[in-house]
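A look at the structure
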Amino acid sequence: MKTIIKRRWAIFVIWLIATILLTIIQPDINAILRQKGQEGTSSDSPSVIAGDILAKMNTTEGTDNLIVFYDEDKISEEEMQKIGDAVESIRSSSKELGITEMIDPFSLPDAKSSLFSEDGTTLMVSYKLDKKGREIDDIKTQFENKLDSVPVEFYLSGEDFINNDYLKASQAGVEKSAALTVIFILVVLVIAFKSVVTPFISLVAVAFSYLVSMGIAAQLIDKAGFPITSLTQMLLVLILFGIGTDYNILLFNRFKEELANGKSVDDSIINTYKTAGKTIAYSILTVFIAFLALVFSESPIYQSGVVVVIGVTILLIEILTLTPFIMKVLGKKIFWPSKNVGGHKENKFWEKTSSFGTKHPILVTVIILVLILPMILLHDEKLNFDTVGELGDSYPSSKAINLVAEHFGKGQAMPATVVIENDQPLNNNESLAIIDNITERLKALDGVKMVSSVTQPQGQPIEDFYVDSQMGSVTDGISQTKVGVDQIYSGLSEAQKGLKSADFSKASQMVDGTEKLQAGVTALANGLKQIQAGIDDGTNNPQTIQNGLAAIETNLSAMSNGVAILAENYGKLQAGYSEMGTHYQDAANALLAVKGALIQMQSMTDAIGNSYEGSETDSNFQALKQTIDQLSTSLSQITPESIAVLNENYNTANAGFATANKSLASMTDGLSQMADGLKKLKNGLGQASSGIDTIVTNMNAVNTGLSEMKAGQQQLVAGLNGFGEFGDKLTDVNDGLEEISSGLDQTNGYLTQLNTNKTFFIPEEALTNEEFKKSLDAFMSEDRQITKLTVVLKDDPYSDAALATVSQINDALSNGLKGTQLSDAKSGTVGTSATTNDMNDVLSRDLNRTTVIVIIGVLLVLFLVIRSFWTPVFITASLIGAYYTAMFIINFIFLDILGYAGISSFVPFFSFIIIVALGVDYSIFLMMRFKEYPELTAKEAIVLASKHTGGVIISAVIILGGTFATLMPAGIVLLTELAIAVITGLIVLCFILLPLFVPALIALPEALKKLVSKEK
């Protein structure tokens, strides 16, 4: 300390330069906060992970915001027209305004029902805003210029605008609190020291430490990504000015005592730091440990409180270096114009209460425990995360949300979003069925109002996507198919009978007969040629020739009749054959259609089996599946290829019939001409030669026709042989058709029973439908590997009921994915309620973890200071009692009296840190003085220490309590609750626990020994 006093001017210059430099180069942390925002949850929180997945899906940049139009007398048609014009103006200026996506009831009439309230008073326009580095206030001005012609009230709200208004409210609160704090401290110090110099000196010293620590913190926030929240600057102001002034009171009061004892300024400074300085070092150590414990917090909001560690470290350096400079330079003038250089007067209240506590330790301990223990044991921590609620209707953004809550329900304005990310595309029946199942699970939750998803884009099921809806048309189709199958069966049975009765072997006999006929015709022609030759030679016997010609005529007549009958039978056979061809082709096509229907039925039964949990044990379902599989197998041989082979055989046979008929026609003509020739032959042998020549010529034609006929008959035989094989196959097919008819009966019966089962099944053609593609685009990422479900809650998104619903949503999501092909998919819920729920979990864990660390840290410091076991334990117990008493009081005020849903989320945490970390300072003040009387008994020493430090502690409590009281005019519920909690805890600590409970606990062991000895 002597070195510091000696080099005081150099130290002052360093402080001055450091303060000026850090203040000049300090970045605007409020601007940083507005750009970055504040995160309440850690990066591995479920809502943050879900938000990252959703960010991958959204191809548009920006955050969700709203424009809310309101007219309490209902929006008229004329007003609606002007609103529409203004909205269109905004849409056309999207690029300028930074709007990347916009949904309004004018360009999207389908969205009107969800954007225009039923009472006709409120209309919303939803959009995504990309700030592009701009300040929200500047963006707000741009929007207002576009909306200045709107004849109704309008408000800009959403994430960006709410955060901006909250930050503005916090900043205004900091500025107001800082001003009031300075004024309050000045007044209290003037009264306490009866001096106008001491207050200013104290504030200047603390101001140096605040400016330097804030400058360092700002650089860390800007350059190193140090956590920042709206509470960062406020905490630093409150803690540094509060405890800094307390420490200065202790230092200046001790310095005043030393001067009053006639010591020199240098000796007074040295002695002050040996006593009060050591007390302050220990006190700052507890604050340091308490706020350093925030490093282990998960929440960035709590982590931001580590800035206090920087502040108290700089404060300690300031107290050890700059304050001695002030003491040395001013000396007794610090207390001007007061001429009384005595220290604080003895405090009668603390003296009497501590004396009473030591005299009646058992009674005091029991009474205080009876009062405080129920507060600890019955404490129920109800937190409220409603930022909008804290702003009330004081700001446009909160006014807008309150209007939406009143006319739509808050859940409509702040829905939750469920996201699922898979490593494979989700646009297939199996995945969509799982998504639809999850949709139905979420809709079944009590706290859920509506769920929209890719399978239910309007929040309602698409009936055509469910088996029960499809079943009606399916069963009708199956019934019609059965009728057709029965008809095919009947027709094929007749065809089968015909084919069986047909003697195709005679077709081969016809070939043989035709061949013999051809030989006879050839012989006849040769005989006629010989007759012709005989006539020409003149050696003929007319009678013999006449007789031969008569025989030939008779044979020709018989041949002509035979050919006529053959032609007639061929015609009939060809007509029947053609008719059979027509029927067999119809039958073949029908069989192919049945086979295709069975394949679709197989696909449908597989889908039902996958979605129907009891399918493996359902005997009816298994019988149905087995029947369909057997029917499909029985038709496996009926293929387009086999039908093509059959067609080829048919065409070959048909060609044979055509050739045969043509030949028969030629033969008939030839035979007629032969008959004419014979008549001429009989009329005169003179003409015999020419007649025979004519006959021979025609006989040659007949012979040629018979050759062609023989070839046609051979083709016919080949074709008919194919039909013989077809007839054999027809027997198998007909047996299968009988089974199909029976199976279709069973299928229809079973599917009719399944008609009540709501099983999702999307037809393949629907996946490529343009209308459904809109749903895919709206609810899935471009690669179709991410999908979202929008969940509108029934309750206020910040309420306990909504948080419980989010937990149920996460459970339903997990159960819906478990055991499916999406079991390995990433999933989660994002949105106001999801974030709040995660924050609730994080803050609760942080409070529990930090409570343990702080209590252990405080105990260690107290063990170091007091060097005993029980006294530190008693003091720590009193600090915990003060905290729970404060929580009980604010719960009673804000929950029971004012009817709030919960205490602002940050209040319990920071109240505990401040009450324990700063309250232990006063315990250290007391116990350090207690240690100055080693020659006295513990009871006497604590009473004397209380008498001498009571005034200092009361002044310090008034200073710190008054500092926090300056938060209340800020108008933010969080700050009001925090102020009341801290003030309540400090009052209980200062006027009950430290002066009464701690002395009673110190005297308690001796009192218990006496009580035990009396009983003996």
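Quick note: structure is the one above.
From a predicted model like this one, the values you see are computed outputs, not experimental measurements.

We now examine unusual backbone geometry. Residues tryptophan 336 and proline 337 are joined by a peptide bond in cis, for which omega reads 5 degrees. Not every positive phi belongs to a glycine, and lysine 74 is a case in point at roughly 80 degrees. Residue position: lysine 74 is located in the loop between β1 (63-70) and α5 (77-92).

Let's shift gears to the sheet that holds β1. With antiparallel pairing, the 4 strands of this open sheet are ordered in space as β2-β3-β1-β4. Two strands lie at the open edges of the sheet, namely β2 (99-103) and β4 (153-158), each paired on one side alone. On average, adjacent strands in this sheet sit at an angle of 25 degrees to one another, irrespective of strand direction. One ladder, built from 4 bridges, connects β2 with strand β3 (residues 122-129); its direction is antiparallel. From the neighbouring strand, glutamate 101 faces β3, where its bridge partner is lysine 128. Helix α8 (residues 136-147) rests against β1, β2, β3 and β4 of the sheet, and its axis sits at about 150 degrees to β4. Here helix α9 (residues 159-193) sits on the sheet and contacts β1, β3 and β4; the angle it forms with β4, its principal contact strand, is near 90 degrees.

A few words on the nonpolar core. Membership of the largest hydrophobic core comes to 175 residues, with the highest contact counts inside it found for Ile239, Tyr247, Phe291, Phe906, Tyr922 and Phe964. Per-element accounting of this core gives the leading share, 20 residues, to helix α34 (residues 973-1015). What phenylalanine 291 contacts, discounting residues up to four positions off in sequence, is Ile239, Gly305, Val306, Val308, Val309 and Ile913. Within the second largest apolar cluster, 32 residues are counted, among which are Leu442, Leu445, Met780 and Leu793.

Another aspect to go through is the pairing of β1. With 6 of its 8 residues buried, β1 lies for the most part within the structure. Summarising the sheet, β1 and β3 pair through 8 bridges and their orientation is antiparallel. Bridging from a neighbouring strand, threonine 63 pairs with leucine 129 of β3.

With that settled, the discussion passes to the pattern of salt bridges. The final tally for this structure, using the stated rule, is 21 salt bridges. For glutamate 258, the salt bridge identified is with arginine 254, shortest N-O distance 3.6 Å. Of this pair, glutamate 258 and arginine 254 are both found in helix α11 (residues 232-260), 4 residues apart, which corresponds to roughly one turn of the helix. Residue glutamate 258 shares its accessibility class with arginine 254, and that shared class is buried. Where glutamate 932 meets arginine 929, a salt bridge forms, and the shortest distance between an N and an O atom there is 3.9 Å. Salt bridges linked by common partners bring Arg254, Glu258, Lys263, Arg929 and Glu932 together as one network.

When two helices pack together, their arrangement is given by the angle between the helix axes and by the axis-to-axis distance. Put simply, helix α30 (residues 832-866) and helix α31 (residues 870-897) touch, their axes get as near as 9 Å, and they point 145 degrees apart. Crossing geometry of α30 relative to α31 is assigned as right-handed. Across the interface between the two elements, Leu847, Ile855, Val858, Leu859, Leu862, Phe863 and Ile866 of α30 pack against Thr871, Pro872, Val873, Ile875, Thr876, Leu879, Ile880 and Tyr883 of α31. Looking at side-chain class alone, the contact of α30 with α31 contains 13 nonpolar, 2 polar and no charged residues.

Time to look at the packing of aromatic side chains. Within a pair of aromatic rings, the relevant descriptors are the distance that separates the centres and the angle that separates the planes. Taken as a whole and assessed by the stated rule, the structure comprises 19 aromatic pairs. The interplanar angle of 70 degrees and the centroid separation of 5.0 Å between the aromatic rings of tyrosine 883 and tyrosine 884 together place this pair among those described as edge-to-face. Seen in terms of ring centroids, phenylalanine 894 and tyrosine 900 are 5.7 Å apart; in terms of plane orientation they differ by 65 degrees. Their pairing is edge-to-face. Judged by its relative accessible area of 34%, tyrosine 900 falls in the partly exposed class. What links up through ring pairs into an aromatic cluster is the set Phe863, Phe869, Trp870 and Phe874.

Cut-offs applied
Residues numbered from 1 in each chain as written. Predicted model: local features only at pLDDT ≥ 70, side-chain atom pairs only at ≥ 80, totals over all residues. Heavy atoms only, no water. Helix = DSSP H or I, 4+ residues; strand = E, 2+ residues; numbered from the N terminus. Pairing = 2+ DSSP bridges. Axes fitted to C-alpha atoms, helices over the stretch in contact; angles between N-to-C directions. Contact = heavy atoms within 4.5 Å. Core = buried A, V, L, I, M, F, W, Y, C linked by side-chain atoms within 4.5 Å. Buried < 20%, exposed > 50% of the residue type's maximum accessible area, 1.4 Å probe, protein only. Salt bridge = Lys/Arg side-chain N within 4 Å of Asp/Glu carboxyl O. Left-handed = near helix turned anticlockwise from the far one by under 90°. Nonpolar A, V, L, I, M, F, W, Y, C, P; charged D, E, K, R; others polar. Phe/Tyr/Trp six-rings, centres within 6.5 Å; stacked < 30°, edge-to-face > 60°.

So far we have only geometry, and geometry alone does not tell us how the molecule works.
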